[in-house]
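# Summary of the model geometry
Each chain is listed here by its residues.
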Amino acid sequence: MKKLMMICLFAVAAMTASAQKYALIDMEYILKNVPAYERANEQLNQVSKKWQAEVEALNTEASTMYKNYQNEVVFLSQEQKTKRQEAIVAKEKEASELKRKYFGPEGELFKKRTSLITPIQEEIYTAVKEIAEQRGYSMVMNRAGNDGIIFGSPKIDISNEVLQKLGYQ
């Protein structure tokens, strides 16, 4: 009797598992084919380079101040030494704060990235959701950069369909 129940249980589980439909997308492929994403990335790279140059300029200025201080330290009074040291530390702190302001976890680059990329990601998510609902997929997984998916049949990859839904390709 137990064997019969176990066989029935496995049969029901197999039928349930086969009834679910899955699909894969390659988010990297999709994003590479969305011109708005490429433009946003280019814009982020440009602003990042500009801000990095500002930070490097302050660091260079602090470094120059320190080198000048080292060259002139023997000629300076204790009061002048203290003032110069404080100025150098202030410049280094200014550079550090500017770096944190631009590149920190809640910095300007993060905010800009969020404002530019989030709408694109939401548009892709909406397209994926619509396709999943139309086709009856229980789950759509991202195969790009996911160590959990070793192999995914191209038959269940809906990346091109998502791009078409977005109006690309």
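The structure we're discussing is the one just above.
Summary of the structure given here. Since the model is a prediction, treat every value here as computed from it, not as a measurement.

Inspection of every chain in the model, using the stated rule, returns seven salt bridges. The partner of Glu-97 in a salt bridge is Lys-93, with the nearest N and O atoms 4.0 Å apart. Separated by four residues within a single helix, Glu-97 and Lys-93 lie in helix 4 (residues 78–103), roughly one turn from each other. Owing to a relative accessible area of 38%, Glu-97 belongs among the partly exposed residues under this scheme. On the basis of relative accessibility, which here comes to 51%, the residue Lys-93 falls in the exposed class. Shared partners join several salt bridges into a network, and the residues in it are Glu-61, Lys-91 and Glu-94.

Relative to the elements of secondary structure, Lys-91 occurs in helix 4. With a relative accessible area of 15%, Lys-91 lands in the buried category. A polar contact of 3.1 Å, which involves the side chain of Lys-91, links it to the side chain of Glu-61.

An α-helical turn contains 3.6 residues, so a residue and the one three or four places further along point in the same direction. Look at helix 5 (residues 108–135): 40 Å from first C-alpha to last across 28 residues, which is about the 40 Å you get at 1.5 Å a residue. Along helix 5, the sharpest change in direction is near 35 degrees and occurs at Ile-117; proline Pro-119 comes one to four residues later. Looking at the buried residues of helix 5, the elements they touch are strand 1 (22–25), helix 2 (27–32), helix 3 (35–72), helix 4, strand 2 (139–142) and helix 6 (159–166).

The next subject is the nonpolar core. If you look at the biggest cluster of nonpolar residues, it comprises 28 residues, and the most contacted ones within it are Ile-30, Val-34, Ile-120, Ile-124, Ile-158 and Val-162. Elements with a contribution of two residues or more to this core: strand 1, helix 2, helix 3, helix 4, helix 5 and helix 6. Broken down by element, the residue count for this core peaks at eight residues, all from helix 5. The residues contacting Val-34, other than those within four sequence positions of it, are Ile-120, Leu-163, Leu-166 and Tyr-168.

Interhelical geometry of helix 3 versus helix 5 gives an angle of 175 degrees and a closest axis separation of 10 Å. One way to sum up the angle between helix 3 and helix 5 is to call them roughly antiparallel. Each of Ala-36, Tyr-37, Ala-40, Asn-41, Gln-43, Leu-44, Val-47, Ser-48 and Trp-51 in helix 3 lies in contact with helix 5, whose residues at this interface are Glu-108, Leu-109, Lys-112, Arg-113, Leu-116, Ile-117 and Ile-120. Residues of the contact of helix 3 with helix 5, tallied by class, amount to ten nonpolar, three polar and three charged.

Bringing the environment of Val-34 into the picture now. Structurally, the position occupied by Val-34 is in the loop between helix 2 and helix 3. In this structure Val-34 comes out as buried when scored by relative accessible area, which is 3%. In this structure, the C-alpha to C-alpha distance between Val-34 and Gly-167, residues 133 residues apart in sequence, is 9.3 Å.

In the contact formed by helix 5 and helix 6, the axes pass within 9 Å of each other and the chain directions differ by 115 degrees. It follows that helix 5 is roughly perpendicular to helix 6 by the angle criterion. Helix 6 is crossed by helix 5, and the crossing has right-handed handedness. Where helix 5 approaches helix 6, its residues Glu-123, Ile-124, Ala-127, Val-128, Glu-130, Ile-131, Gln-134 and Arg-135 are matched on the opposing element by Glu-161, Val-162, Lys-165 and Leu-166. A per-class count over the contact of helix 5 with helix 6 returns six nonpolar, one polar and five charged.

Thresholds applied
- Along every chain, residues carry numbers that run from 1 in the direction the sequence is written.
- Local features in a predicted model are, by the rule used here, given only for residues with pLDDT of at least 70; side-chain atom pairs are given and counted only at 80 or more, and totals for whole chains, interfaces and linings are based on all residues.
- Remark: hydrogens and water are excluded; side-chain values derive from all non-hydrogen atoms of the structure.
- We define a salt bridge as a contact between a side-chain nitrogen of Lys or Arg and a carboxyl oxygen of Asp or Glu at a distance within 4 Å.
- Numbering of helices and strands runs from the N terminus; a helix is a DSSP stretch of H or I covering at least four residues, while a strand is a stretch of E covering at least two.
- A 1.4 Å probe rolled over the protein chains alone gives each residue an accessible area, and that area as a share of the maximum for its type sets the label: buried under 20%, exposed over 50%, partly exposed in between.
- Polar contact is defined as a pair of N or O atoms within 3.5 Å, subject to the rule that within protein one atom must be able to donate a hydrogen and the other to accept it, and that residues adjacent in sequence are counted only when both atoms are side-chain atoms.
- Take the number of residues in a helix, subtract one, and multiply by 1.5 Å to get its expected span.
- The angle between axes fitted to the seven residues ending at a residue and the seven residues starting there is what we call the bend at that residue.
- We call two residues in contact whenever any of their non-hydrogen atoms come within 4.5 Å of each other.
- We call a set of buried Ala, Val, Leu, Ile, Met, Phe, Trp, Tyr and Cys residues a nonpolar core when their side-chain atoms join them within 4.5 Å.
- Helix axes use the C-alpha atoms of the stretch in contact, all axes being lines fitted to C-alpha atoms, and the angles between their N-to-C directions lie in the range 0 to 180 degrees.
- Roughly parallel here means an angle under 35 degrees, roughly antiparallel means over 145, roughly perpendicular means 65 to 115, and every remaining angle is called oblique.
- Classes in brief: Ala, Val, Leu, Ile, Met, Phe, Trp, Tyr, Cys and Pro nonpolar; Asp, Glu, Lys and Arg charged; the others, Gly included, polar.
- A clockwise turn of the near helix away from the far one marks a right-handed crossing, whereas an anticlockwise turn of less than a right angle marks a left-handed crossing.

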